[in-house]
Amino acid sequence: MARTLAEKLRYLLETVKSERGDSFTNAEVAAGTGLSPSYIGYLIRGERDNPTLQNAEALAKFFGVPVVYFTADDDAAERIDQQLERLRSMLKLKRAMQRADVEQLATRMLNLSSNGVEAIAHLVELLIDKERDTTRDAITDEVGRNPRR
């Protein structure tokens, strides 16, 4: 089933992040494209679905995709989506590697076997789950609804 322009725009808003790592607002997209915030909203909600070539080019330039993303078949759009996902992963890795402690850990892991790296990955997942649970418990305690205490 073909994706609509609105679906493609929503995907770009979820995937392409600002330099701060946040999703762009309609106002930021509007400012970056020269389009009005209300028109951006109409496009995202699917209330408008046939932008002019000039508007499609402005959106494509803003999000860093070729204009065919909006005009071509879903196969081309899917390939672009996959490229965006790879870029998103690379940006996350770049942000992580900017932390000295993460870089040091990654460098030390070069001396591990594949099994050792897999074990570390498993431990990291356990720690993430533990921190998530601890955060959730702390929020619940603060609200006063944690029956365990």
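Look up a bit, the structure's there.
Since the structure is predicted, the reported quantities are computational estimates derived from the model, not experimental observations. (Residues numbered from 1 in each chain as written. Predicted model: local features only at pLDDT ≥ 70, side-chain atom pairs only at ≥ 80, totals over all residues. Heavy atoms only, no water.)

**Digging into the nonpolar core**
Grouped together as the largest cluster of nonpolar side chains are 23 residues, with contacts concentrated most on Leu9, Leu12, Leu59, Phe63, Val65, Tyr69 and Phe70. Listing elements by their share of this core, those giving two or more residues are helix H1 (5-15), helix H2 (26-33), helix H3 (37-45), helix H4 (53-63), helix H5 (68-71) and helix H6 (74-97). Broken down by element, this core gets its largest block of residues, five residues, from H1. Dropping the residues within four chain positions of it, Leu59 is found in contact with Leu9, Val29, Thr33, Leu35, Ile40, Leu43 and Phe70. (Core = buried A, V, L, I, M, F, W, Y, C linked by side-chain atoms within 4.5 Å. Buried < 20%, exposed > 50% of the residue type's maximum accessible area, 1.4 Å probe, protein only. Helix = DSSP H or I, 4+ residues; strand = E, 2+ residues; numbered from the N terminus. Contact = heavy atoms within 4.5 Å.)

**Here's the deal with the pattern of salt bridges**
Working definition: two side chains of opposite charge can pair if their charged atoms are close together. With the rule as written, the count across this model stands at five salt bridges. We note a salt bridge from Asp22 to Arg20, for which the minimum N-O separation is 3.0 Å. Since its relative accessible area comes to 54%, Arg20 is described here as exposed. Glu47 is paired through a salt bridge with Arg45; the nearest N and O atoms lie 2.8 Å apart. Residue Glu47 is classed as partly exposed on the basis of its relative accessible area, which comes to 46%. Within this structure, Arg20, Asp22 and Glu28 form a network of salt bridges that share partners. (Salt bridge = Lys/Arg side-chain N within 4 Å of Asp/Glu carboxyl O.)

**Structural notes on the layout of surface pockets**
Size it by volume and the largest pocket reaches roughly 330 Å³. Residue lining of the largest pocket: 14 residues in total, with Lys17, Ser18, Arg88, Leu91 and Arg95 positioned closest to the centre. Looking at the lining of the largest pocket, the element that brings in the most residues is H6, giving six residues. Residue classes in the lining of the largest pocket are distributed as five nonpolar, four polar and five charged. In terms of lining residues, the second largest pocket is bounded by Leu93, Met97, Val102, Leu105, Ala106, Met109, Ile120, Ala121, Val124 and Ile128. Elements supplying a minimum of two residues to the lining of the second largest pocket: H6, helix H7 (100-109) and helix H8 (114-143). (1 Å grid on protein atoms, 1.4 Å probe; cavity = no way out; pocket = protein on both sides within 12 Å on 5 of 7 lines; lining within 4 Å. Points joined across faces, edges and corners; volume = space filled by probe spheres on them. Nonpolar A, V, L, I, M, F, W, Y, C, P; charged D, E, K, R; others polar.)

**Some details on H3**
Those residues of H3 that fall on the buried side of the exposure criterion are Tyr39, Ile40, Gly41, Leu43 and Ile44. Structurally, H3 contributes buried residues whose contacts are with H1, H2 and H4.

**A short note on empty space enclosed by the protein**
Evaluation of the coordinates by the stated rule reveals one cavity of 30 Å³ or more. In this model, the largest cavity occupies a volume close to 30 Å³. The wall of the largest cavity is formed by Leu9, Leu13, Val29, Ile40, Leu43, Ile44, Leu59 and Phe63. Among the elements of the structure, H1, H3 and H4 are those that each provide at least two residues to the lining of the largest cavity. Partitioning the lining of the largest cavity into residue classes produces eight nonpolar, no polar and no charged.

**A word on the packing of H1 against H3**
For the pair H1 and H3, the least separation of the axes is 6 Å and the interaxial angle reads 110°. Between H1 and H3, the crossing angle belongs to the class labelled roughly perpendicular. Contacts between H1 and H3 involve Leu5, Ala6, Leu9, Arg10 and Leu13 from the first element and Leu43, Ile44 and Arg45 from the second. (Axes fitted to C-alpha atoms, helices over the stretch in contact; angles between N-to-C directions. Parallel < 35°, antiparallel > 145°, perpendicular 65-115°, else oblique.)

**Some points on the packing of H2 against H4**
In contact at an axis separation of 9 Å, H2 and H4 are set at 110° when each is read in the N-to-C sense. The angle between H2 and H4 places the two elements in the roughly perpendicular class. Between H2 and H4 lies a crossing of right-handed hand. When H2 is examined against H4, the residues Glu28, Val29, Gly32 and Thr33 are found in contact with a partner set consisting of Ala58, Leu59, Phe62 and Phe63. In terms of residue class, the contact of H2 with H4 is built from five nonpolar, two polar and one charged. (Left-handed = near helix turned anticlockwise from the far one by under 90°.)

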